Amino acid sequence: LVTYNILLRACAQARQLQKMEELLKKMELGGFQPDIFTFNGILDAHGKVGAFEAMDSTLKNMRKCKVKADFITYNTMIDAYGKAGHIEKMEETLEKMAMANIKPQLSTLNTLLNIYGAAKCVVQMELVLKSMSELGIRPTIITYEVLIKGYGNSKCFDKMQKCLGAMGDAGIRPKISTLNAIMEAYSSNGLFKEAENLLDGNIVVPTSLTYCILYKAYLKNGLNAKADNLLRKMDAAGIVPS
RNA sequence: UUUCACAGCUA
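### Quick look at unusual backbone geometry
Unlike most non-glycine residues, Asn101 shows phi in positive territory, near 65°. Mapped onto the elements of the fold, Asn101 is located in the loop between α6 (87–99) and α7 (106–118). You will see that Lys155, though not glycine, has its phi angle at about 60°, which is positive. Note on placement: Lys155 falls in the loop between α9 (141–153) and α10 (157–169).

### Some details on the protein's contact with RNA strand B
Surrounding RNA strand B, one finds 23 residues, the nearest of these being Asn5, Asn40, Asn75, Lys149 and Ser177. Here, RNA strand B places atoms within 4 Å of the protein, and 54% of those atoms are sugar or phosphate. One of the side-chain N or O atoms of Lys83 is found 3.0 Å from a phosphate oxygen in RNA strand B. Contacts to RNA strand B include Glu145, whose side-chain N or O atom sits 3.2 Å from a sugar or linking oxygen. Of all elements in the fold, only α1 (2–13), α3 (36–48), α5 (71–83), α7 and α9 reach the threshold of two or more residues within the surface near RNA strand B.

### Some details on the pattern of salt bridges
This structure, assessed with the given rule, holds eight salt bridges. Linking Asp79 and Lys83 is a salt bridge whose minimum nitrogen-to-oxygen distance equals 2.8 Å. Taken together, the residues span about one helical turn, with Asp79 and Lys83 both in helix α5 at a distance of four residues. Of the residues examined, Asp79 reaches a relative accessible area of 16% and is grouped as buried. In this structure, Lys130 engages Glu134 in a salt bridge whose closest nitrogen and oxygen atoms are separated by 4.0 Å. Note that Lys130 and Glu134 are positioned in helix α8 (residues 122–134) at a spacing of four residues, about one turn of the helix.

### Thoughts on helix α4 (residues 52–64)
With 13 residues, α4 extends 18 Å between its outermost C-alpha atoms, agreeing within 8% with the 18 Å of an ideal straight helix rising 1.5 Å per residue. Of the residues making up α4, those classed as buried are Phe52, Ala54, Met55, Thr58, Leu59, Asn61 and Met62. One side of α4 holds all its buried residues, which, seen down the axis, span an arc of 170°. Among the exposed residues of α4, those pointing more than 90 degrees away from its buried face are Glu53, Lys60, Arg63 and Lys64.

What counts, and where the lines are drawn
Residues numbered from 1 in each chain as written. Chains lettered and ligands numbered in written order. Predicted model: local features only at pLDDT ≥ 70, side-chain atom pairs only at ≥ 80, totals over all residues. Heavy atoms only, no water. Helix = DSSP H or I, 4+ residues; strand = E, 2+ residues; numbered from the N terminus. Near = heavy atom within 4 Å. Polar contact = N/O pair within 3.5 Å; in protein donor to acceptor, adjacent residues only side chain to side chain. Salt bridge = Lys/Arg side-chain N within 4 Å of Asp/Glu carboxyl O. Buried < 20%, exposed > 50% of the residue type's maximum accessible area, 1.4 Å probe, protein only. Expected span 1.5 Å × (residues − 1). Arc of directions from axis to C-beta.

Right under this line is the structure:
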C-alpha cells in the first residue's frame, strides 16, 4: 500500500493525473484498500490544477471506501479553493470541517492566513488570528512570515512592524526570507527610506536577493543614480553575484 | 507515504 502511495505521488508530481487514476484503479483491483494518505494525495493533485469535479468524485470515493476525512483532507481542499480564488467554497469547506467536528490545526490557519493575505482581506486575517489564540495555538515562523507578506500586500506597514516585534517577543528569529518579504513590501510601495534602513540591518544580514528587490524598485521609479549607488554598496558589503 | 509560507541546491 505504501508502495502504491509513493507511486501515486510520483504521478502527481509529474502532473500525470491520468496515470494516477489508472494506478488507483489498478491498486483497487489488486485488492488494496486506499487509505487516508492515498486519498489526501490524490485530492491535492487534483486541487493543484483546479480540477474540482475530480476532487468531488475523490471525496465520494473516499466515503464509499469508508475512509474518514481528516484535517489534512480539509486543509487540502481549503488551500485548493482558496488559491483558485473561490473564497465562498473555501469558507463552506471550513464550515463542513467544523460540522465534522474536526478542529482547525496550525496548518489550517496558516493556509487561511496565506489566502486571505493574498486576497488583501485584512479583516479576515484578524479573525483567523483571533481564533488562533482562542484555540490556544501558537504562531510559528511560518505564521509570521505569512502575516508579514499579507500585511505588506495590503500596505499595513504598522501591523507588519508589530508582527516583527511579536516574533521577537516569541523568541522566533526572523530568517532572510522574512527580511526579503519586508523589503518587497517597502520597495514596491516606494518607501525607500524604510527599505534602505533594512539594509543596514538590525534584523538579518541582507543577501543579493534583498538588494535585487530594492534595485528593481529604484529603476521602476526612475531613480537610476540610487540604483547605481546600490550596486556599489552591494559590492562593498562583499556580496558576490552568482 | 499525504496538506500550508519561504529559502537554498540542481543553474
